[in-house]
Amino acid sequence: MSGIDIITFGCRLNTYESEVMRRQAESAGLNNAVLVNTCAVTGEAVRQAKQAIRRARRENPGARLIVTGCAAQTDAASFAAMDEVDAVLGNEEKLKAAGYRNLPDFGVSAEEKIRVNDIMSVRNTAPQMVDAIEGRARAFVQVQNGCDHRCTFCIIPFGRGNSRSVPMGAVVDQVSRLVGNGYREVVITGVDATSYGADLPGRPTLGKLASTILANVPDLERLRLSSIDSIEADDHLLELIADEQRFMPYLHLSLQHGDDMILKRMKRRHSRTDAVEFCRTVRELRPGIALGADLIAGFPTETEEMFDNALSLIDACSLSFLHVFPFSPRDGTPAARMPQHDRGLIKTRAAKLRQQGERAYRQHLQSMAQSDQKILIERPGLGRTENFTPVRIDSGDPGTIIPATISGHDGGKLTAVARSGHSTKQAAA
Ligand code: SF4
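Peer 1: I'm lost on the site of the ligand in this one. Help?
Peer 2: Taken together, the neighbourhood of the ligand is formed by Cys147, His149, Cys151, Phe153, Cys154, Ile156, Pro157, Val191, Arg268 and Arg269. Classifying every residue of the shell around the ligand by side-chain character gives seven nonpolar, one polar and two charged.

Take a look at the structure:
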(Lines give C-alpha, C1' and ligand atoms only; values in the text may rest on other atoms or scores of the structure.)
Protein backbone atom coordinates (compact mmCIF):
# COMPACT_ATOMS: atom_id res chain seq x y z
CA MET A 1 0.00 0.00 0.00
CA SER A 2 1.16 3.57 -0.61
CA GLY A 3 -0.59 6.87 -0.16
CA ILE A 4 -3.31 7.43 2.42
CA ASP A 5 -6.50 5.40 2.84
CA ILE A 6 -9.30 6.99 4.87
CA ILE A 7 -12.14 5.03 6.49
CA THR A 8 -14.96 7.39 7.52
CA PHE A 9 -17.79 6.66 9.94
CA GLY A 10 -20.77 8.78 10.98
CA CYS A 11 -22.08 12.11 9.78
CA ARG A 12 -21.55 14.40 6.80
CA LEU A 13 -19.31 16.56 8.96
CA ASN A 14 -16.94 13.62 9.29
CA THR A 15 -17.09 13.10 5.51
CA TYR A 16 -16.09 16.71 4.97
CA GLU A 17 -13.37 16.53 7.62
CA SER A 18 -11.92 13.36 6.09
CA GLU A 19 -11.18 15.44 2.99
CA VAL A 20 -9.45 18.03 5.18
CA MET A 21 -7.51 15.25 6.95
CA ARG A 22 -6.28 13.91 3.60
CA ARG A 23 -4.93 17.34 2.61
CA GLN A 24 -3.30 17.94 5.99
CA ALA A 25 -1.75 14.45 6.20
CA GLU A 26 -0.39 14.70 2.64
CA SER A 27 1.06 18.16 3.34
CA ALA A 28 2.76 16.64 6.42
CA GLY A 29 4.37 14.10 4.10
CA LEU A 30 2.50 11.13 5.55
CA ASN A 31 2.51 8.05 3.33
CA ASN A 32 1.58 4.37 3.54
CA ALA A 33 -1.06 5.12 6.15
CA VAL A 34 -4.66 4.30 7.09
CA LEU A 35 -6.74 6.96 8.88
CA VAL A 36 -9.91 5.82 10.65
CA ASN A 37 -12.29 8.76 11.29
CA THR A 38 -14.66 7.39 13.93
CA CYS A 39 -18.17 8.19 15.24
CA ALA A 40 -19.37 7.89 18.85
CA VAL A 41 -23.14 8.37 18.47
CA THR A 42 -23.92 4.73 19.32
CA GLY A 43 -22.07 1.81 20.89
CA GLU A 44 -22.53 0.01 17.59
CA ALA A 45 -20.64 2.75 15.71
CA VAL A 46 -17.67 2.34 18.08
CA ARG A 47 -17.78 -1.47 17.73
CA GLN A 48 -17.73 -1.18 13.92
CA ALA A 49 -14.76 1.22 14.05
CA LYS A 50 -12.72 -1.23 16.13
CA GLN A 51 -13.62 -4.02 13.72
CA ALA A 52 -12.47 -1.85 10.79
CA ILE A 53 -9.19 -1.08 12.59
CA ARG A 54 -8.41 -4.77 13.07
CA ARG A 55 -9.23 -5.49 9.42
CA ALA A 56 -7.13 -2.52 8.19
CA ARG A 57 -4.15 -3.73 10.22
CA ARG A 58 -4.48 -7.30 8.83
CA GLU A 59 -4.66 -5.95 5.30
CA ASN A 60 -1.88 -3.35 5.79
CA PRO A 61 0.69 -4.83 8.22
CA GLY A 62 3.36 -2.18 7.46
CA ALA A 63 1.16 0.92 7.30
CA ARG A 64 0.79 3.66 9.92
CA LEU A 65 -2.65 3.32 11.46
CA ILE A 66 -4.11 6.51 12.95
CA VAL A 67 -7.50 6.76 14.68
CA THR A 68 -9.42 10.07 14.86
CA GLY A 69 -12.99 11.32 15.23
CA CYS A 70 -15.51 11.50 18.08
CA ALA A 71 -14.89 8.01 19.49
CA ALA A 72 -11.14 8.79 19.62
CA GLN A 73 -11.90 12.15 21.25
CA THR A 74 -14.21 10.71 23.93
CA ASP A 75 -12.37 7.43 24.62
CA ALA A 76 -8.76 7.78 23.40
CA ALA A 77 -7.36 5.26 25.90
CA SER A 78 -9.42 2.33 24.57
CA PHE A 79 -8.10 2.91 21.03
CA ALA A 80 -4.53 3.57 22.21
CA ALA A 81 -4.66 0.23 24.02
CA MET A 82 -5.16 -1.57 20.69
CA ASP A 83 -1.87 -3.02 19.36
CA GLU A 84 -3.09 -2.32 15.82
CA VAL A 85 -3.11 1.44 16.48
CA ASP A 86 -0.05 3.73 16.08
CA ALA A 87 -1.59 7.06 17.07
CA VAL A 88 -4.87 8.56 18.33
CA LEU A 89 -5.73 12.12 17.27
CA GLY A 90 -8.49 14.31 18.68
CA ASN A 91 -11.09 16.12 16.58
CA GLU A 92 -9.01 19.29 16.59
CA GLU A 93 -5.63 17.64 16.02
CA LYS A 94 -6.95 15.64 13.03
CA LEU A 95 -7.49 18.90 11.10
CA LYS A 96 -3.86 20.11 11.43
CA ALA A 97 -0.77 18.93 9.55
CA ALA A 98 1.15 18.90 12.84
CA GLY A 99 -1.05 16.03 13.99
CA TYR A 100 0.52 13.81 11.31
CA ARG A 101 4.18 14.78 11.89
CA ASN A 102 6.68 12.99 14.16
CA LEU A 103 4.29 10.13 14.78
CA PRO A 104 5.17 7.87 17.72
CA ASP A 105 7.49 4.98 16.83
CA PHE A 106 6.11 1.46 16.65
CA GLY A 107 5.71 -0.27 20.03
CA VAL A 108 5.49 2.81 22.25
CA SER A 109 3.21 2.85 25.33
CA ALA A 110 -0.50 3.59 24.95
CA GLU A 111 -0.13 7.04 26.55
CA GLU A 112 2.54 8.06 24.03
CA LYS A 113 0.16 7.31 21.15
CA ILE A 114 -2.43 9.86 22.29
CA ARG A 115 -2.66 13.44 20.86
CA VAL A 116 -6.06 14.59 22.10
CA ASN A 117 -6.67 18.01 23.66
CA ASP A 118 -9.57 19.28 25.78
CA ILE A 119 -12.15 19.87 23.02
CA MET A 120 -14.17 22.12 25.35
CA SER A 121 -11.28 24.60 25.27
CA VAL A 122 -11.61 25.09 21.50
CA ARG A 123 -13.16 28.47 20.75
CA ASN A 124 -13.17 28.80 16.98
CA THR A 125 -13.51 26.77 13.84
CA ALA A 126 -10.75 27.59 11.39
CA PRO A 127 -12.17 27.55 7.84
CA GLN A 128 -10.75 24.52 6.04
CA MET A 129 -10.87 24.81 2.23
CA VAL A 130 -11.44 21.69 0.16
CA ASP A 131 -11.67 21.43 -3.61
CA ALA A 132 -13.75 18.31 -3.79
CA ILE A 133 -15.45 15.61 -1.79
CA GLU A 134 -14.01 12.41 -3.22
CA GLY A 135 -16.50 10.24 -5.12
CA ARG A 136 -19.41 12.55 -4.41
CA ALA A 137 -21.75 14.34 -6.83
CA ARG A 138 -22.68 16.83 -4.14
CA ALA A 139 -20.30 18.68 -1.88
CA PHE A 140 -20.56 19.09 1.88
CA VAL A 141 -19.43 22.33 3.50
CA GLN A 142 -18.90 22.63 7.23
CA VAL A 143 -20.39 25.88 8.58
CA GLN A 144 -20.55 25.05 12.28
CA ASN A 145 -19.05 22.62 14.78
CA GLY A 146 -19.76 21.55 18.37
CA CYS A 147 -22.94 22.02 20.40
CA ASP A 148 -23.97 24.09 23.43
CA HIS A 149 -26.96 21.88 24.23
CA ARG A 150 -26.72 18.86 26.52
CA CYS A 151 -29.43 16.42 25.46
CA THR A 152 -29.35 13.67 28.06
CA PHE A 153 -28.65 10.81 25.58
CA CYS A 154 -26.00 12.55 23.51
CA ILE A 155 -22.21 12.15 23.60
CA ILE A 156 -21.53 14.56 20.71
CA PRO A 157 -20.74 17.72 22.70
CA PHE A 158 -18.03 15.72 24.53
CA GLY A 159 -16.55 14.71 21.18
CA ARG A 160 -16.88 18.03 19.41
CA GLY A 161 -16.89 20.73 22.12
CA ASN A 162 -19.05 23.83 22.29
CA SER A 163 -20.73 25.47 19.32
CA ARG A 164 -18.56 27.60 17.01
CA SER A 165 -19.27 28.93 13.55
CA VAL A 166 -17.22 29.43 10.39
CA PRO A 167 -17.36 33.12 9.36
CA MET A 168 -19.83 33.77 6.49
CA GLY A 169 -17.16 35.08 4.13
CA ALA A 170 -15.13 31.89 4.46
CA VAL A 171 -18.22 29.76 3.82
CA VAL A 172 -19.07 31.75 0.68
CA ASP A 173 -15.46 31.36 -0.56
CA GLN A 174 -15.63 27.59 0.04
CA VAL A 175 -18.94 27.25 -1.80
CA SER A 176 -17.64 29.40 -4.70
CA ARG A 177 -14.56 27.19 -4.97
CA LEU A 178 -16.65 24.02 -5.12
CA VAL A 179 -19.08 25.48 -7.68
CA GLY A 180 -16.05 26.65 -9.66
CA ASN A 181 -14.90 23.01 -9.64
CA GLY A 182 -18.19 21.95 -11.17
CA TYR A 183 -20.39 21.06 -8.18
CA ARG A 184 -24.06 21.80 -8.90
CA GLU A 185 -25.25 20.99 -5.35
CA VAL A 186 -23.78 21.95 -1.98
CA VAL A 187 -24.95 20.70 1.43
CA ILE A 188 -24.20 22.97 4.38
CA THR A 189 -23.54 20.90 7.46
CA GLY A 190 -22.71 21.20 11.14
CA VAL A 191 -23.32 19.45 14.44
CA ASP A 192 -26.10 21.87 15.49
CA ALA A 193 -26.37 23.94 12.31
CA THR A 194 -29.33 26.00 13.52
CA SER A 195 -27.13 27.52 16.24
CA TYR A 196 -25.00 28.98 13.45
CA GLY A 197 -23.72 32.51 14.03
CA ALA A 198 -24.51 32.89 17.74
CA ASP A 199 -20.76 33.32 18.34
CA LEU A 200 -20.09 35.66 15.38
CA PRO A 201 -20.27 39.48 15.24
CA GLY A 202 -23.81 40.54 14.32
CA ARG A 203 -25.07 37.02 15.18
CA PRO A 204 -26.05 36.06 11.59
CA THR A 205 -28.55 33.18 11.55
CA LEU A 206 -28.45 29.99 9.47
CA GLY A 207 -31.13 31.51 7.24
CA LYS A 208 -29.00 34.62 6.77
CA LEU A 209 -26.01 32.47 5.89
CA ALA A 210 -28.00 30.47 3.33
CA SER A 211 -29.39 33.57 1.62
CA THR A 212 -25.91 35.15 1.60
CA ILE A 213 -24.49 32.06 -0.11
CA LEU A 214 -27.24 32.08 -2.74
CA ALA A 215 -26.81 35.82 -3.35
CA ASN A 216 -23.02 35.62 -3.70
CA VAL A 217 -22.76 32.36 -5.66
CA PRO A 218 -25.29 32.83 -8.48
CA ASP A 219 -24.03 29.71 -10.32
CA LEU A 220 -24.94 27.42 -7.42
CA GLU A 221 -28.05 25.56 -8.58
CA ARG A 222 -28.94 23.58 -5.46
CA LEU A 223 -28.33 24.51 -1.82
CA ARG A 224 -29.27 21.83 0.68
CA LEU A 225 -29.30 21.72 4.48
CA SER A 226 -28.16 18.72 6.51
CA SER A 227 -30.20 18.10 9.65
CA ILE A 228 -31.69 20.97 11.66
CA ASP A 229 -33.36 21.50 15.03
CA SER A 230 -36.83 22.74 13.98
CA ILE A 231 -37.37 24.76 17.16
CA GLU A 232 -34.33 26.90 16.26
CA ALA A 233 -35.30 27.53 12.61
CA ASP A 234 -35.21 31.32 12.02
CA ASP A 235 -37.62 33.46 9.96
CA HIS A 236 -35.01 34.02 7.24
CA LEU A 237 -34.85 30.26 6.74
CA LEU A 238 -38.64 30.03 6.47
CA GLU A 239 -38.61 32.78 3.84
CA LEU A 240 -36.04 30.86 1.80
CA ILE A 241 -38.09 27.69 2.10
CA ALA A 242 -41.12 29.61 0.79
CA ASP A 243 -39.58 31.71 -1.97
CA GLU A 244 -36.18 30.40 -3.12
CA GLN A 245 -36.23 27.61 -5.74
CA ARG A 246 -32.47 27.02 -5.41
CA PHE A 247 -33.07 26.15 -1.73
CA MET A 248 -33.85 22.44 -1.80
CA PRO A 249 -37.32 21.34 -0.55
CA TYR A 250 -36.08 18.73 1.91
CA LEU A 251 -35.53 19.10 5.67
CA HIS A 252 -34.13 16.48 8.01
CA LEU A 253 -35.34 17.24 11.52
CA SER A 254 -33.71 16.27 14.80
CA LEU A 255 -37.04 15.39 16.50
CA GLN A 256 -35.95 12.34 18.51
CA HIS A 257 -39.39 11.54 20.00
CA GLY A 258 -43.13 12.38 19.94
CA ASP A 259 -43.98 12.27 23.63
CA ASP A 260 -43.68 15.44 25.71
CA MET A 261 -42.53 13.69 28.88
CA ILE A 262 -39.77 11.84 27.03
CA LEU A 263 -38.76 15.03 25.18
CA LYS A 264 -38.44 16.67 28.59
CA ARG A 265 -36.32 13.78 29.93
CA MET A 266 -34.16 14.06 26.81
CA LYS A 267 -33.73 17.80 27.53
CA ARG A 268 -34.99 18.65 24.04
CA ARG A 269 -36.14 22.21 23.48
CA HIS A 270 -39.36 21.48 21.60
CA SER A 271 -42.73 19.86 22.37
CA ARG A 272 -44.76 17.48 20.21
CA THR A 273 -47.06 20.36 19.27
CA ASP A 274 -44.06 22.51 18.23
CA ALA A 275 -42.87 19.73 15.91
CA VAL A 276 -46.29 19.12 14.35
CA GLU A 277 -46.84 22.86 13.93
CA PHE A 278 -43.43 23.38 12.28
CA CYS A 279 -44.05 20.58 9.79
CA ARG A 280 -47.51 21.94 8.94
CA THR A 281 -46.04 25.43 8.41
CA VAL A 282 -43.22 24.38 6.06
CA ARG A 283 -45.66 22.23 4.06
CA GLU A 284 -47.86 25.24 3.54
CA LEU A 285 -44.87 27.40 2.62
CA ARG A 286 -43.43 24.87 0.16
CA PRO A 287 -45.84 22.27 -1.24
CA GLY A 288 -43.95 19.16 -2.30
CA ILE A 289 -41.32 19.56 0.41
CA ALA A 290 -40.19 16.23 1.91
CA LEU A 291 -39.44 15.83 5.60
CA GLY A 292 -37.22 13.36 7.38
CA ALA A 293 -36.42 12.93 11.04
CA ASP A 294 -34.27 11.16 13.61
CA LEU A 295 -36.28 9.18 16.17
CA ILE A 296 -34.97 7.23 19.15
CA ALA A 297 -36.67 3.98 20.23
CA GLY A 298 -36.55 2.64 23.78
CA PHE A 299 -35.36 5.73 25.66
CA PRO A 300 -35.21 4.97 29.41
CA THR A 301 -38.62 5.23 31.20
CA GLU A 302 -40.51 5.13 27.85
CA THR A 303 -43.85 3.38 28.46
CA GLU A 304 -45.91 1.62 25.77
CA GLU A 305 -48.18 4.66 25.67
CA MET A 306 -45.24 7.07 25.29
CA PHE A 307 -43.86 4.90 22.51
CA ASP A 308 -47.22 5.11 20.73
CA ASN A 309 -46.75 8.89 20.72
CA ALA A 310 -43.48 8.40 18.87
CA LEU A 311 -45.17 6.10 16.36
CA SER A 312 -48.07 8.50 15.76
CA LEU A 313 -45.68 11.42 15.22
CA ILE A 314 -44.76 9.98 11.80
CA ASP A 315 -48.22 10.68 10.40
CA ALA A 316 -48.81 13.78 12.53
CA CYS A 317 -45.74 15.39 10.91
CA SER A 318 -46.12 13.59 7.56
CA LEU A 319 -42.57 12.34 7.75
CA SER A 320 -41.29 10.42 4.72
CA PHE A 321 -37.67 9.64 5.63
CA LEU A 322 -36.93 8.12 9.01
CA HIS A 323 -33.61 7.47 10.74
CA VAL A 324 -34.44 5.20 13.67
CA PHE A 325 -31.90 4.83 16.47
CA PRO A 326 -32.38 2.05 19.05
CA PHE A 327 -31.47 3.78 22.32
CA SER A 328 -27.77 3.21 23.06
CA PRO A 329 -26.53 4.27 26.52
CA ARG A 330 -23.36 6.38 26.10
CA ASP A 331 -21.04 6.42 29.14
CA GLY A 332 -20.89 9.86 30.70
CA THR A 333 -24.42 10.90 29.64
CA PRO A 334 -27.32 11.34 32.11
CA ALA A 335 -29.54 8.90 30.14
CA ALA A 336 -26.96 6.12 30.66
CA ARG A 337 -27.60 6.45 34.41
CA MET A 338 -31.41 6.13 34.00
CA PRO A 339 -33.15 2.71 34.41
CA GLN A 340 -32.52 0.93 31.10
CA HIS A 341 -35.01 -1.06 29.03
CA ASP A 342 -34.25 -4.63 27.99
CA ARG A 343 -32.34 -4.70 24.64
CA GLY A 344 -35.01 -6.98 23.18
CA LEU A 345 -37.76 -4.44 23.89
CA ILE A 346 -35.64 -1.62 22.42
CA LYS A 347 -35.07 -3.64 19.25
CA THR A 348 -38.80 -4.49 18.97
CA ARG A 349 -39.81 -0.84 19.27
CA ALA A 350 -37.13 0.23 16.76
CA ALA A 351 -38.47 -2.37 14.32
CA LYS A 352 -42.03 -1.03 14.74
CA LEU A 353 -40.84 2.53 14.07
CA ARG A 354 -38.94 1.40 10.97
CA GLN A 355 -41.95 -0.50 9.71
CA GLN A 356 -44.16 2.58 10.09
CA GLY A 357 -41.43 4.64 8.46
CA GLU A 358 -41.23 2.31 5.47
CA ARG A 359 -44.99 2.54 4.99
CA ALA A 360 -44.79 6.35 5.04
CA TYR A 361 -41.84 6.28 2.63
CA ARG A 362 -43.75 4.11 0.12
CA GLN A 363 -46.66 6.53 0.29
CA HIS A 364 -44.17 9.32 -0.44
CA LEU A 365 -42.85 7.44 -3.47
CA GLN A 366 -46.42 6.86 -4.65
CA SER A 367 -47.25 10.56 -4.28
CA MET A 368 -44.46 11.50 -6.71
CA ALA A 369 -45.66 9.31 -9.59
CA GLN A 370 -46.02 11.11 -12.97
CA SER A 371 -44.45 14.30 -11.58
CA ASP A 372 -41.71 16.22 -13.40
CA GLN A 373 -38.47 16.42 -11.47
CA LYS A 374 -34.86 17.64 -11.79
CA ILE A 375 -32.51 14.84 -10.85
CA LEU A 376 -28.91 15.22 -9.72
CA ILE A 377 -27.08 12.14 -10.99
CA GLU A 378 -24.94 10.64 -8.21
CA ARG A 379 -23.57 7.67 -10.13
CA PRO A 380 -24.49 5.98 -13.42
CA GLY A 381 -28.18 5.00 -13.22
CA LEU A 382 -28.86 6.66 -9.87
CA GLY A 383 -29.74 10.18 -8.74
CA ARG A 384 -31.85 12.23 -6.35
CA THR A 385 -34.70 14.66 -6.84
CA GLU A 386 -34.71 18.12 -5.29
CA ASN A 387 -36.69 16.74 -2.32
CA PHE A 388 -33.91 14.16 -1.87
CA THR A 389 -35.78 11.08 -3.14
CA PRO A 390 -33.54 8.45 -4.80
CA VAL A 391 -34.31 7.72 -8.46
CA ARG A 392 -33.27 5.10 -10.97
CA ILE A 393 -32.68 6.73 -14.36
CA ASP A 394 -30.63 5.42 -17.24
CA SER A 395 -29.18 8.68 -18.49
CA GLY A 396 -26.91 11.48 -17.32
CA ASP A 397 -23.33 11.60 -16.06
CA PRO A 398 -22.56 11.87 -12.34
CA GLY A 399 -22.89 15.45 -11.19
CA THR A 400 -25.26 16.50 -13.99
CA ILE A 401 -28.87 17.57 -13.45
CA ILE A 402 -31.43 15.84 -15.66
CA PRO A 403 -35.06 16.98 -16.20
CA ALA A 404 -37.20 13.85 -16.04
CA THR A 405 -40.69 12.46 -15.48
CA ILE A 406 -41.32 9.97 -12.69
CA SER A 407 -42.67 6.76 -14.22
CA GLY A 408 -43.18 4.82 -10.96
CA HIS A 409 -41.21 3.22 -8.12
CA ASP A 410 -39.87 -0.15 -7.01
CA GLY A 411 -40.75 0.32 -3.33
CA GLY A 412 -37.25 1.64 -2.59
CA LYS A 413 -36.51 4.12 -5.34
CA LEU A 414 -38.44 6.07 -7.92
CA THR A 415 -38.01 5.22 -11.59
CA ALA A 416 -37.82 8.00 -14.14
CA VAL A 417 -37.45 8.76 -17.82
CA ALA A 418 -35.34 11.70 -18.95
CA ARG A 419 -37.34 14.33 -20.76
CA SER A 420 -36.13 15.02 -24.29
CA GLY A 421 -33.51 17.77 -24.88
CA HIS A 422 -32.02 17.42 -21.39
CA SER A 423 -28.51 18.95 -20.74
CA THR A 424 -25.54 16.69 -19.92
CA LYS A 425 -23.13 19.52 -19.09
CA GLN A 426 -20.02 17.89 -17.53
CA ALA A 427 -19.75 18.01 -13.74
CA ALA A 428 -16.90 18.09 -11.25
CA ALA A 429 -13.69 16.22 -12.16
S1 SF4 B 1 -28.51 19.24 20.00
FE2 SF4 B 1 -28.57 17.54 21.44
S3 SF4 B 1 -28.57 15.72 20.10
FE4 SF4 B 1 -27.85 17.42 18.88
S5 SF4 B 1 -25.61 17.36 19.07
FE6 SF4 B 1 -26.40 18.78 20.61
S7 SF4 B 1 -26.58 17.56 22.46
FE8 SF4 B 1 -26.45 16.15 20.72
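Peer 1: How should the sheet that holds strand E6 (residues 139–142) be read in this particular structure?
Peer 2: Strand pairs in the sheet, formed through backbone hydrogen bonds, run parallel or antiparallel to each other. Taken together, the three strands give an open sheet; going across it, the order is E6-E9-E10, and neighbouring strands pair in parallel fashion. The strands lining the two open edges of the sheet, one partner per strand, are E6 and strand E10 (222–225). Within this sheet the neighbouring strands show an average axis-to-axis angle of 30°, counted without direction. In terms of strand pairing, strand E9 (residues 185–189) meets E10 through four bridges, oriented parallel. From the neighbouring strand, isoleucine 188 faces E10, where its bridge partner is leucine 225. In the packing of helix H1 (residues 12–27) onto the sheet, the strands contacted are E6, E9 and E10, and the crossing angle to E6 comes to about 95°. Along the sheet face, helix H8 (residues 206–216) touches E9 and E10 and points at about 165° away from the line of E10.

Peer 1: Sorry if this is basic, but what is going on with the state of the cysteines here?
Peer 2: One covalent bond between the sulfur atoms of two cysteine residues makes up a disulfide. Within this structure, the stated rule accounts for zero disulfides. The thiol of cysteine 11 is not disulfide-bonded; the next cysteine sulfur, from cysteine 39, is found 6.6 Å away. Cysteine cysteine 279 remains unbridged, with the sulfur of cysteine 317 as its closest cysteine sulfur at 3.6 Å. You can call cysteine 279 buried: its relative accessible area is 1%.

Peer 1: Explanation requested: the packing of H8 against helix H9 (residues 235–243) in the structure shown.
Peer 2: Look at H8 against H9: their axes get within 6 Å of each other, and the N-to-C directions meet at 45°. Judged by the angle between their axes, H8 and H9 are oblique. Here H8 runs over H9; the crossing is left-handed. Two secondary-structure elements touch here, H8 through Leu206, Gly207, Lys208, Ala210, Ser211 and Leu214 and H9 through His236, Leu237 and Leu240.

Peer 1: Please explain the domain arrangement of the protein as it appears in this structure.
Peer 2: Quoted interface sizes are often the accessible area lost when the parts come together. Examined at the domain level, the protein breaks down into domain 1 (4–117), domain 2 (118–248), domain 3 (251–367) and domain 4 (372–418). Between the C-alpha centres of domain 3 and domain 4 the distance comes to 28 Å. Taken together, the eight residues of domain 3 in the interface contact nine residues of domain 4. Counting the surface lost from both domain 3 and domain 4, the interface buries some 650 Å², and carbon and sulfur atoms represent 56% of this. For domain 3, the biggest contributors to the area lost against domain 4 are Phe321, Tyr361 and Leu365; these three give 59% of the whole. Applying the counting criterion to the domain 3 and domain 4 interface returns zero salt bridges. For the interface between domain 3 and domain 4, the tally reads four residue pairs in polar contact (both at pLDDT 80 or more). No other element matches helix H13 (residues 343–367), which puts five residues into the side of domain 3 that touches domain 4. For the side of domain 3 that touches domain 4, the residue count by class is four nonpolar, three polar and one charged.

Peer 1: Help me understand the side chain of threonine 152 in this model?
Peer 2: Residue placement: threonine 152 occurs in the loop between strand E7 (144–145) and helix H6 (156–160). For threonine 152, the side chain forms a polar contact with the main-chain oxygen of arginine 265, separated by 2.7 Å. Look past the residues within four positions of threonine 152 in its chain and what remains in contact with it is Arg265, Met266, Lys267, Phe299, Thr333, Pro334, Ala335 and Met338.

Peer 1: Teacher, can you tell me more about the sheet that holds strand E13 (residues 321–326) here?
Peer 2: Across the sheet, three strands lie side by side as E11-E12-E13; this open sheet has parallel pairing. The sheet terminates laterally at strand E11 (250–256) and E13, the two strands that pair on one side only. Strand-to-strand twist across the sheet, computed as the mean angle between neighbouring axes with direction ignored, equals 15°. Taken together, the five bridges between E11 and strand E12 (residues 290–297) define a ladder with parallel strand orientation. In the strand pairing of E12, glutamine 256 is matched with leucine 295. Most of the contacts of H13 go to E13, to which it runs at about 175°, and overall it touches E12 and E13.

Peer 1: Would you explain the nonpolar core in this entry?
Peer 2: Here is a general trend for soluble globular proteins: nonpolar side chains tend to be buried in one another's company. Of all hydrophobic cores here, the largest spans 62 residues; its most connected members are Ile213 and Leu251. In terms of residues, this core owes the most to one element, helix H7 (residues 168–180), which gives seven residues. Aside from chain neighbours lying at most four places away, what touches leucine 251 is Leu225, Ile228, Ile241, Phe278, Val282, Ile289, Ala290, Leu291 and Gly292. Counting 24 residues, the second-largest nonpolar core is a separate cluster that includes Val46, Ile53, Ala72 and Met82.

Cut-offs applied
Residues numbered from 1 in each chain as written. Predicted model: local features only at pLDDT ≥ 70, side-chain atom pairs only at ≥ 80, totals over all residues. Heavy atoms only, no water. Near = heavy atom within 4 Å. Nonpolar A, V, L, I, M, F, W, Y, C, P; charged D, E, K, R; others polar. Pairing = 2+ DSSP bridges. Helix = DSSP H or I, 4+ residues; strand = E, 2+ residues; numbered from the N terminus. Axes fitted to C-alpha atoms, helices over the stretch in contact; angles between N-to-C directions. Contact = heavy atoms within 4.5 Å. Disulfide = S-S within 2.5 Å. Buried < 20%, exposed > 50% of the residue type's maximum accessible area, 1.4 Å probe, protein only. Parallel < 35°, antiparallel > 145°, perpendicular 65-115°, else oblique. Left-handed = near helix turned anticlockwise from the far one by under 90°. Domains from an automatic or database assignment. Buried area = accessible area lost by both parts, 1.4 Å probe. Salt bridge = Lys/Arg side-chain N within 4 Å of Asp/Glu carboxyl O. Polar contact = N/O pair within 3.5 Å; in protein donor to acceptor, adjacent residues only side chain to side chain. Core = buried A, V, L, I, M, F, W, Y, C linked by side-chain atoms within 4.5 Å.

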